[in-house]
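# Descriptive analysis of the structure
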Amino acid sequence: MEELIERIQTLCLKTKLTLATAESCTGGRLASLLTSISGASNVFRSGVIAYSADCKTSLLGVSADLITKHTVVSNEVAEAMACGVTQLIKADIGLATTGIAGPTGGTKQTPVGSVWIALSYREKTSSRLLHLSGNRAEIVEQTCHELLTELRQMLQTLADE
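Below, the structure is looked at part by part.

What counts, and at which threshold
- Residues numbered from 1 in each chain as written.
- Predicted model: local features only at pLDDT ≥ 70, side-chain atom pairs only at ≥ 80, totals over all residues.
- Heavy atoms only, no water.
- Helix = DSSP H or I, 4+ residues; strand = E, 2+ residues; numbered from the N terminus.
- Rg over C-alpha atoms; globule rule 2.2 N^0.38 Å.
- Buried < 20%, exposed > 50% of the residue type's maximum accessible area, 1.4 Å probe, protein only.
- Contact = heavy atoms within 4.5 Å.
- Axes fitted to C-alpha atoms, helices over the stretch in contact; angles between N-to-C directions.
- Left-handed = near helix turned anticlockwise from the far one by under 90°.
- Nonpolar A, V, L, I, M, F, W, Y, C, P; charged D, E, K, R; others polar.
- Pairing = 2+ DSSP bridges.
- Right-handed = clockwise from strand over helix to strand, strands pointing away.
- Core = buried A, V, L, I, M, F, W, Y, C linked by side-chain atoms within 4.5 Å.
- Disulfide = S-S within 2.5 Å.

## Regarding the overall build of the protein
- Looking only at helices and strands, one finds six helices and five strands in the protein.
- Counting from the amino terminus, the protein carries its helices and strands in the arrangement α-β-α-β-α-α-α-β-β-β-α.
- Against the 2.2 N^0.38 benchmark of 15 Å for 161 residues, the protein shows a C-alpha radius of gyration of 15 Å, consistent with a compact globule.
- Counting only residues that meet the buried cut, the protein has 47% of its 161 residues in that class.
- Considering only residue pairs separated by 6 or more positions, the protein has 64% of its internal contacts joining residues 24 or more positions apart.

Here it is as structure tokens:
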């Protein structure tokens, strides 16, 4: 994971882009990973752990109606979180996670391991549903790895332009 974080940091410096995180099910692990190597302060601005629905609304500006209509574990909420954190923190790129890490909390419609990840950059926001397995810690690590891999790919594309 350290190589991935180093590459992200290098690409952020090259593209002069900053990062912010909005985390629910990962509980700050994503921010912890992004700040785990020296020089992180040059690219990582801040992170928000918005674990409850009301914090997603009050801190990140996610509409309560959106949460009611789609639930907190949805692409709509993940994307709103990613957009909200870029505005709140004034970062270039927002990263968001929302899902069920387990072992409890899953339902038939949204089983444990269902996690939405989202990336927001300028006017474009994208999200993807992950279907993960393992214990709580493994699901959190897999979520972070997937999102960081997507971030690296996006940054590499921007750096190559």
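There's more to say after this.
## Details of the packing of helix H3 (residues 53–60) against helix H5 (residues 75–89)
- Across the interface, H3 lies against H5 with an axial gap of 9 Å and an inter-helix angle of 35°. Along this stretch, H3 crosses H5, giving a crossing that reads as left-handed. Residues Lys56, Leu59 and Leu60 of H3 touch H5, and the partners they reach there are Val77, Ala80, Met81, Gly84, Val85 and Leu88.
- Of the residues contributing to the contact of H3 with H5, the split by class is seven nonpolar, one polar and one charged.

## Thoughts on the pairing of strand S1 (residues 19–23)
- Along S1, five of the five residues are buried, which leaves the element largely enclosed by surrounding structure.
- The side-chain alternation of S1 yields two buried faces, one formed by Leu19, Thr21 and Glu23 and the other by Ala20 and Ala22.
- Pairing geometry for S1 and strand S2 (residues 44–49), over five bridges, is parallel. Within S2, the position partnered with Ala20 by the bridge is Ser46.
- Note on the crossover from S1 through helix H2 (residues 29–34) to S2: the handedness is right-handed.

## Observations regarding the nonpolar core
- Membership of the largest hydrophobic core comes to 32 residues, with the highest contact counts inside it found for Ile8, Leu34, Ile93, Leu148 and Leu151.
- Taken together, the elements giving at least two residues each to this core come down to helix H1 (2–15), H2, strand S3 (93–99), strand S4 (114–121) and helix H6 (136–160).
- If we skip the residues at most four places from it in the chain, Leu148 touches Met1, Leu4, Ile5, Ile8, Leu30, Leu33 and Leu34.

## Focus: the state of the cysteines
- Applying the stated rule across the entire model yields zero disulfides.
- For the unlinked cysteine Cys55, the closest cysteine sulfur is that of Cys25, found at 15 Å.
- With no disulfide of its own, Cys144 has Cys25 as its nearest cysteine by sulfur position, at a separation of 8.1 Å.
- Classification of Cys144 as buried rests on a relative accessible area of 0%.

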